[in-house]
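# Residue-level structure breakdown
Listed below, chain by chain, are the residues.
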Amino acid sequence: VQLVESGGGLVQPGGSLRLSCTASGFTFSSYIMSWHRQAPGKERELVASISNGGGSTNYADSVKGRFTISRDNAKNTVYLQMNSLKPEDTAVYYCKAIRPRLPDYWGQGTQVTVSS
């Protein structure tokens, strides 16, 4: 089982990034997928989640209207489009695969830094 995030980097405030998380080793389309983030000295928090079919999404209040989660089950990939980035969005971003009554899977994380 593997979840590999990519797309992080350094961006100026107001800029955009798109994160990708590509899965292997399990039936991706059967799993709810989510993005989480952890800033230095803070607890990991849920950013967004998407149902296994992609028809239902949820967002943290802090990112509503700026971030969009989506998935392509044919490519075993979940995305996080991040617009209007703020310095407080700086964190390591992780993807997670969830299926009730089965173990969760986590990626290794990708750093997002928003700074001028």
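Above: the structure in question.
Right, let's walk through the structure included here. Note that this is a predicted model, so its numbers are computed, not measured.

About the criteria used
Residues numbered from 1 in each chain as written. Predicted model: local features only at pLDDT ≥ 70, side-chain atom pairs only at ≥ 80, totals over all residues. Heavy atoms only, no water. Pairing = 2+ DSSP bridges. Helix = DSSP H or I, 4+ residues; strand = E, 2+ residues; numbered from the N terminus. Axes fitted to C-alpha atoms, helices over the stretch in contact; angles between N-to-C directions. Buried < 20%, exposed > 50% of the residue type's maximum accessible area, 1.4 Å probe, protein only. Polar contact = N/O pair within 3.5 Å; in protein donor to acceptor, adjacent residues only side chain to side chain. Contact = heavy atoms within 4.5 Å. Salt bridge = Lys/Arg side-chain N within 4 Å of Asp/Glu carboxyl O.

Read across the open sheet, the four strands follow the order β1-β3-β8-β7; overall the sheet is antiparallel. Since the sheet does not close on itself, it has two edges, and those belong to β1 (2–6) and β7 (67–72), each with one partner. Put simply, the sheet's adjacent strands are angled 15 degrees from each other on average, direction ignored. Note that strand β3 (residues 17–24) and strand β8 (residues 77–82) share six bridges and pair antiparallel. Within β8, the position partnered with Arg-18 by the bridge is Gln-81.

In this fold, Arg-37 is placed in strand β4 (residues 32–38). With a relative accessible area of 6%, Arg-37 lands in the buried category. A distance of 3.0 Å separates the side chain of Arg-37 from the side chain of Tyr-93, its partner in a polar contact. When residues no more than four places from it in sequence are discounted, the contact partners of Arg-37 are Glu-43, Arg-44, Glu-45, Val-47, Ser-62, Val-63, Phe-67, Glu-88, Asp-89, Ala-91, Val-92 and Tyr-93.

What follows concerns the pattern of salt bridges. Applying the stated criterion to the full structure yields five salt bridges. When the shortest N-O distance is used, the salt bridge between Arg-37 and Asp-89 registers 2.9 Å. One end of the pair, Arg-37, is in strand β4; the other, Asp-89, is in the loop between β8 and β9 (91–98), with 52 residues separating them in the sequence. Here the salt bridges share partners, and the residues they tie into one network are Arg-37, Glu-45, Arg-66 and Asp-89.

In this structure, Asn-76 takes a positive phi of about 55 degrees despite not being glycine. Secondary-structure assignment places Asn-76 in the loop between β7 and β8. Not every positive phi belongs to a glycine, and Arg-101 is a case in point at roughly 70 degrees.

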